[in-house]
Amino acid sequence: VLQLLLELQRQPELWNRNDARLSEHGPHYQTDDIWLRYKDESENKETGDYSNFGDRHDPIWYPAYYALPAAKPLIFALMARVEGERLGGVLIYRVPPGKEILPHTDTGWHVDYYDKFNIAIKSTQPGCTFHYASEQMCAYMGDVHWFRNDIEHWVTNQSTDDQIILTVCIRIHRRN
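Remember, predicted model here, so these are calculated numbers, not experimental data.

Peer 1: Just to check I follow, could you spell out the overall build of the protein for this structure?
Peer 2: Across its full length, the protein holds five helices and 10 strands. Taken against the 2.2 N^0.38 rule, which gives 16 Å for 176 residues, the C-alpha radius of gyration of the protein at 16 Å falls within 12% of a compact globule. Considered along the principal axes of its C-alpha atoms, the protein spans approximately 40 × 40 × 35 Å. Here the protein holds 176 residues, and 51% of them are scored as buried.

This is how it looks when you write it as structure tokens:
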């Protein structure tokens, strides 16, 4: 993860190019993000209407993916490790010191279709905490966790440094 962290530090202009998640009314408003893969937003930008942005879609790579080549081996090694069948959205988020992602439950097609994994790119211990209802966990750099976003969750950063996470959404084969 160190190579990706270095690439991020060299390119601060990549943060917040897509601000759909960062509305002051949403749970992520205190954070920053970089979208590597999601729905093609050309139509939405043209019309100014994002009401269908979370609908079923085939994701595309965003320009930031090509600017951060160290993300590729992390994404595809994880795909192989979990025997992923299809790659969905991929983004990087940053929670600055003293900030948080507010409690929320994600909904919609993407949440129902894909499993979500977090890879800790930068996480200062102690203080960077991922919360579920009555549980919490701290991740060290390089840690991966399979994460349920269909139940209430939130993130706090009570450290003195940024927390940076690579989130990878993967459709996993389920044997009956």
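Moving on from the model shown.
Peer 1: Honestly, helix α1 (residues 2–10) in this entry has me stumped. Any pointers?
Peer 2: Because each turn of an α-helix spans 3.6 residues, side chains separated by three or four positions in sequence point in the same direction. Regarding α1, the residues found buried are L4, L5, E7 and L8. What you see down the axis of α1 is that its buried residues fit within an arc of 160 degrees, all on one side. What points out from α1, more than 90 degrees from its buried face, is the exposed set L2, Q9 and R10. Contacts from the buried residues of α1 go to β1 (32–38), α3 (63–67), α4 (71–81), β3 (84–95), β5 (115–122) and β10 (163–172).

Peer 1: Please explain the pairing of β1 as it appears in this structure.
Peer 2: A regular strand carries its side chains on alternate faces of the sheet. Taken across its seven residues, β1 has seven buried, putting it largely inside the fold. Both β1 and β3 contribute to a ladder of five bridges, which runs antiparallel. Bridge pairing in β3 places W35 opposite L91. Note: β1 against strand β2 (residues 60–61), two bridges, orientation antiparallel.

Peer 1: Sorry if this is basic, but what is going on with the sheet that holds strand β9 (residues 153–157) here?
Peer 2: Sheet strands pair by backbone hydrogen bonding; their relative direction is either parallel or antiparallel. Read from one edge to the other, the open sheet built from four strands follows the order β4-β9-β6-β7, with strand pairing classed as antiparallel. Because the sheet does not close on itself, it has two edges, and the strands there are β4 (100–104) and β7 (135–137). Averaged over all pairs of adjacent strands, the angle between strand axes in this sheet comes to 20 degrees, irrespective of strand direction. Here strand β6 (residues 128–132) runs beside β7; their pairing, made up of three bridges, is antiparallel. Among the inter-strand pairings, F130 is bridged to a residue of β7, identified as M137.

Peer 1: What is the right way to read α4 from this model?
Peer 2: Buried within α4 we find A71, I75, L78 and M79. Seen from one end, α4 has its buried residues packed into an arc of 105 degrees, which puts them on one side. Of the residues in α4, the exposed ones pointing more than 90 degrees away from the buried face are P73, A80 and R81. Positive backbone phi, approximately 55 degrees, marks E83, located one or two places after α4.

Peer 1: Would you take a moment to explain the side chain of D162 for this structure?
Peer 2: Tracing the backbone through its elements, the reader meets D162 in the loop between β9 and β10. Despite its burial, D162 remains without a salt bridge, the nearest opposite charge being carried by R94 at 4.2 Å. Not counting residues up to four positions away in its chain, the partners in contact with D162 are R94, V95, P96, P97, K122, T124 and N157.

Peer 1: What's the story with unusual backbone geometry in this structure? I'm lost.
Peer 2: Glycine aside, negative phi is the norm for most residues, and most peptide bonds take the trans geometry. Even without a glycine there, the phi angle at N16 is positive, about 60 degrees. As for its position among the elements, N16 is in the loop between α1 and β1. Phi is positive for E83, which is not a glycine, with a value near 55 degrees. Relative to the helices and strands, E83 resides in the loop between α4 and β3.

Peer 1: Teacher, can you tell me more about the sheet that holds β10 here?
Peer 2: Read across the open sheet, the six strands follow the order β2-β1-β3-β10-β5-β8; overall the sheet is antiparallel. Each end of this open sheet is capped by a strand with a single partner; those strands are β2 and β8 (144–147). Sitting on the sheet, α1 is in contact with β1, β3, β5 and β10, with an inclination near 75 degrees to β5.

Quick notes on the rules
Residues numbered from 1 in each chain as written. Predicted model: local features only at pLDDT ≥ 70, side-chain atom pairs only at ≥ 80, totals over all residues. Heavy atoms only, no water. Helix = DSSP H or I, 4+ residues; strand = E, 2+ residues; numbered from the N terminus. Rg over C-alpha atoms; globule rule 2.2 N^0.38 Å. Buried < 20%, exposed > 50% of the residue type's maximum accessible area, 1.4 Å probe, protein only. Arc of directions from axis to C-beta. Contact = heavy atoms within 4.5 Å. Pairing = 2+ DSSP bridges. Axes fitted to C-alpha atoms, helices over the stretch in contact; angles between N-to-C directions. Lys, Arg positive; Asp, Glu negative; His and termini not counted. Salt bridge = Lys/Arg side-chain N within 4 Å of Asp/Glu carboxyl O.

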